Amino acid sequence: MSSARSRCVERPLNQAVRIALLSMMLAGAAVTSVNVNAATTLDAVTAKPYNIAAGPLGRNLSSFAAQAGIALSFDPALTEGLNSPALSGSYSAREAVAKLLTGSGLDIVPRADGSYTLAKKSADAPRESSTLPEVLVTAVALDGTTEGTGLYTSGATSTATRMNLSIRETPQSVSVMTRQRMDDQGLTQLSDVVIQTPGLTINYAGNMGSDSSTIYARGFAVENYQVDGVGQIYSNYSSIFQTSDMVLYDRVEVVRGATGLMNGVGSPSATINLVRKRPTKTFQASAKVEVGSWNYRRVEGDISTPLNEAGTVRGRMIAAVQDNDSYIDRLEEKTRIFAGIVEADIGPSTLATVGFTLQQQDATGHARSGLPAYYSDGSRAIWSRSDSAAASWAYSKRENQSIFASLEHRFDNEWLLKGTFNHASSEYDEVLGYAAGGYPVRATGAGVNLWAGRWAGKPVQDSLDVYATGPFNLFGRKHELVVGATSTRTVDATVGYGLWNFAGWSSAVPNIYTWDGTSPAAPNNPANSDISMKERTNSAYSSVRLKPTDALSVILGARVTTWKNDKSTRTYATNAVVNTSREEKNQVTPYAGVVYDINQNWSTYASYTDIFKPQSNKDINGEYIDPLLGNSYEIGAKGEFFNKRLNVAAAIYKIKQDNLAVLIVPNIPLSGGGNAYDVVSGTSTKGVELEVGGEVARNWQASVAFARNMTSDRTGKALNTNVPRNTFKLFTSYRLPVLDNNLTVGGGVRWQDEIYSENQGPSSVRFTQESYAVVDLMARYQISKDLTATVNLYNAFDKSYYTSTGGSYYGAPRNLRVGLDMRF
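Residues numbered from 1 in each chain as written. Predicted model: local features only at pLDDT ≥ 70, side-chain atom pairs only at ≥ 80, totals over all residues. Heavy atoms only, no water.

Enquirer: What should I look at first to understand the overall build of the protein in this one?
Expert: Along the backbone of the protein there are 6 helices and 44 strands. Rg of the C-alpha trace for the protein: 27 Å, near the compact-globule value of 28 Å for 824 residues, within the 12% margin. Along the first, second and third principal axes, the C-alpha set of the protein runs to 95 × 60 × 55 Å. Roughly 32,800 Å² of accessible area belongs to the protein as shown, and the carbon and sulfur atoms make up 55% of that amount. Of the side chains in the protein, 77 bear a positive and 76 a negative charge, and the two mean positions are spaced by 2 Å. (Helix = DSSP H or I, 4+ residues; strand = E, 2+ residues; numbered from the N terminus. Rg over C-alpha atoms; globule rule 2.2 N^0.38 Å. Areas by Shrake-Rupley, 256 points an atom, 1.4 Å probe, with all protein chains shown as cover. Lys, Arg positive; Asp, Glu negative; His and termini not counted. Charge placed at Lys NZ, Arg CZ, Asp CG, Glu CD.)

Dropping the structure here:
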């Protein structure tokens, strides 16, 4: 690369680094400068809109105090076990606090300095106190639940260690996509969330709903997916877990880096944990209608209520329907979602939960790729963003049904014992037909052919996770311990179909310029084999959080995993049976982390873990690649402010790996499906991540993140160049002090540097997508106490860009969605 070229590449990177650092400096300045005027009284606060979901009284008073701008502090014991009703609509401060305190037996009372505290209602209740310190909001800390907080961060997460730790206390990089953030940006699908999440990217080679849209973190594919902390295991086709609708979830927790302690198997990329919504102890309901570009229509309903007078049995029901066309010709998508969950308090210390979810997502005119990127003469082919590579008969159908149950008991000594069972069936059926083969003749449009085939399956997974966690005393200090075991069994009995070539069928597209997707017709492709697969993972894990001093935490842990995968294929034509069996016994994955609190707000940390991952990728001979092995190191600093309402983090990491599977380019399709991979050992990955997320000031939420990742082989040659080395993501929203504080506006930008692949097209040249940025905008207006209008403008400046290298698949053009949200 020439020096001039290097300077061109580095300028956007330098600009992104400067923007990231400047944003963090500004956020830090906001942290140190924002304060609530202690003299602000309830009567001085004018009526304003609130949107606080029913929930724990202490947490809701925190949200109210922050939004109203009053100083409120009190003894957490006063609100322990108490819940408040939802607060939605425009209220004066006194009306708002009165509603929140309804039935609590508490009252808000002023102190001499103009701030407030709580007291029990009685004739001789103290009306003034000067002993409690002034704080921004209540001393009650946020828990992991994000619904109703209005924040872009969470108070706790357990995905990394199973311990209920704050983001600052966790010695790994953690990002949380909250319910408020998803609502503000209209993030309805997991792929939408990933695009906005710090450190994650998607390489869209084709439509979602197949195996060609890979999620990456730290330069590697993400293959660890969890629901409520329980792993989803199907190594033959983990892409099916990308199909998730966000209406079901309170938040998405993402732990970047190796997470072998809680997964047992997995790459050093990231773990994505989807955390379900839960029933509430008081009634709440919402209904939402959205319409948008390309005939986008979506309706959601969500109702939660006590099922008995005492509120000891609670239920929640969620449903959503979505139909849409696309900016891509012929592509139509349908989504159907339903969920029901019931919680019951079996005594004061035991909670039982049972639930069911159903997700159906169908797409017709579906393509696994874009059109060819080059003409037969080697020059670049330029297509419209709406041009489709899909045959009209190609489709993708996915359905997931899950039945889950859990039982947890809290003992008097603060220990918790919890067991969770999940039965999930994930049916998929994909008929492939996409015009990505060959290269069109520029003059005639001939020379393109279809890749065609079909694959289907119905993996059924049963998983059981049991763990105990609680404190213990040693050498006069209090520590924390987790001990658990997980067993997962996945069975898939399906049939195989032909792929790529069919007797008597021509794959040629006569003229790609006039092609409407109907010719050639779908090949005759009956089932040709029986395929059965059984995958079992058994593991035991333990972690301990030692507190040698108040400022120092040491987390040590290990997981012992046994994994086995058996596959049998019987071919109808010959009745031949091929059996394969792979097994890894008693693989130990150690984990170590240290966190040191520098002061009240800042901590430093370091962590280490091993990498172990059985691989379903195959080499050019169709043989499975040996398990991925390696080590992951990370050091960093974290800060939390405003009672955990704002989190700041910086991390530096290094990863060493052997047996890394690297996709061969140009792709070499294998007869059994998928593409061939090379095996590379001695790889090295290093990078840095910066993130700010949460409430930087009253009425101002923000998320700012920068990530840089570099992966190379032992000779220093760059690997995975189709994944951006540098990304910058910003989104922020602010409630304006106009129109009676009913208007909230927001916007964001996503930037990434160039990506490229070598040996592309008939002339074996480099395909490059230069660095680019996409801007999104939003607004929300509180029409009345119960009704809110929303508008989201995506890709506001209509940036045209490729989402992957090697094909002509474009990102979505500018598009608009508007909605009405009613809450009761």
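Enquirer: It is not clear to me how the nonpolar core should be interpreted in this structure. Could you clarify?
Expert: Most often, soluble globular proteins have nonpolar side chains that are buried together. Of all hydrophobic cores here, the largest spans 67 residues; its most connected members are Met246, Val252, Ile272, Ala435, Leu450 and Ile512. Per element, the largest residue contribution to this core is 5 residues, and it comes from strand 22 (residues 416-438). Excluding residues that lie within four positions of it along the chain, methionine 246 makes contacts with Arg179, Met182, Leu187, Thr188, Gln189, Leu190, Val193, Val252 and Leu274. (Core = buried A, V, L, I, M, F, W, Y, C linked by side-chain atoms within 4.5 Å. Buried < 20%, exposed > 50% of the residue type's maximum accessible area, 1.4 Å probe, protein only. Contact = heavy atoms within 4.5 Å.)

Enquirer: Got a minute to help me understand a nonpolar patch on the surface in this structure?
Expert: A surface patch of nonpolar side chains, about 540 Å² in accessible area, is lined by Phe283, Ile303, Met317, Phe338, Met822 and Phe824. Accessibility expressed as a relative area gives 32% for methionine 822, which makes it partly exposed. (Patch = residues over 30% accessible without salt bridge, like charges linked within 9 Å, V, L, I, M, F, W, Y side chains within 5 Å. Salt bridge = Lys/Arg side-chain N within 4 Å of Asp/Glu carboxyl O.)

Enquirer: Would you mind showing me how to read the sheet that holds strand 10 (residues 220-221) here?
Expert: Within a sheet, neighbouring strands are paired by backbone hydrogen bonds and run either parallel or antiparallel to one another. The strand order across the open sheet formed by 3 strands is 8-9-10, and the pairing between neighbours is antiparallel. The open sheet is flanked by strand 8 (200-204) and strand 10, the only strands paired with a single partner. Note: strand 8 against strand 9 (residues 213-217), 5 bridges, orientation antiparallel. Across the sheet, leucine 200 pairs through a bridge with alanine 217, a residue of strand 9. (Pairing = 2+ DSSP bridges.)

Enquirer: Would you mind going over the packing of aromatic side chains with me for this structure?
Expert: Remark: the centre distance and the inter-plane angle together describe each pair of aromatic rings, the angle taken between the planes. One pass over the full model with this rule turns up 14 aromatic pairs. Ring centres of tyrosine 225 and phenylalanine 241 lie 6.2 Å apart, and the angle between their planes is 50 degrees; this geometry places the pair in the tilted category. With tyrosine 225 in strand 11 (residues 224-227) and phenylalanine 241 in the loop between strand 12 (230-231) and strand 13 (249-256), this pair connects stretches of sequence that are 16 residues apart. For the pair tyrosine 225 and phenylalanine 241, a shared accessibility class is recorded, and that class is buried. Ring centres of tryptophan 451 and tryptophan 500 lie 5.5 Å apart, and the angle between their planes is 85 degrees; on these two criteria the pair is classed as edge-to-face. Here the residue tryptophan 451 occupies a position in strand 23 (residues 448-457), and tryptophan 500 occupies one in the loop between strand 25 (477-496) and strand 26 (508-509), the gap between them amounting to 49 residues. (Phe/Tyr/Trp six-rings, centres within 6.5 Å; stacked < 30°, edge-to-face > 60°.)

Enquirer: Sorry, what's going on with helix 3 (residues 93-100) here?
Expert: Structurally, the α-helix is built with 3.6 residues per turn, so residues lying three or four positions apart point the same way. Buried residues of helix 3: Ala93, Ala96, Val97 and Leu100, and no others. In a view along the axis of helix 3, the buried residues occupy a sector of 90 degrees, so they form one face of it. (Arc of directions from axis to C-beta.)

Enquirer: Would you mind showing me how to read the sheet that holds strand 13 here?
Expert: Ordered by their spatial adjacency, 5 strands build an open sheet running 7-13-14-11-12, and the pairing between neighbours is mixed. A single partner strand is all that each edge strand has here, and the edge strands are strand 7 (173-177) and strand 12. Pairing between strand 11 and strand 12: 2 bridges, direction antiparallel. Paired with valine 227 across the strands is valine 230, a residue of strand 12.

Enquirer: Help me understand the pairing of strand 27 (residues 529-546) in this model?
Expert: Regular strands have side chains that alternate between both faces of the sheet. Across 17 bridges, the pairing between strand 25 and strand 27 is antiparallel. If you follow valine 482 over to strand 27, its bridge partner there is serine 543. Relative to strand 28 (residues 552-571), strand 27 is paired through 18 bridges, and the arrangement is antiparallel. Bridge assignment links valine 544 to a residue of strand 28, and that residue is leucine 556. Taken together, strand 27 and the strand that follows it, strand 28, pair antiparallel across an intervening segment of 5 residues.

Enquirer: Explanation requested: the pattern of salt bridges in the structure shown.
Expert: Once the charged atoms of two side chains with opposite charge are near each other, the side chains can pair. What the rule picks out here adds up to 37 salt bridges. With a shortest N-O distance of 2.7 Å, arginine 316 and glutamate 147 are connected by a salt bridge. Taken together, the positions of arginine 316 in strand 17 (residues 313-324) and glutamate 147 in the loop between strand 6 (116-120) and strand 7 put the pair 169 residues apart, joining distant regions of the chain. Residues arginine 316 and glutamate 147 agree in their burial class; the two are buried. Of the charged contacts in the structure, one is a salt bridge between aspartate 183 and arginine 179, with a shortest N-O distance of 3.0 Å. Here aspartate 183 pairs with arginine 179, and both are found in helix 4 (residues 179-185), just 4 residues apart, close to one helical turn. Classification of aspartate 183 by relative accessible area gives partly exposed; the value is 23%.

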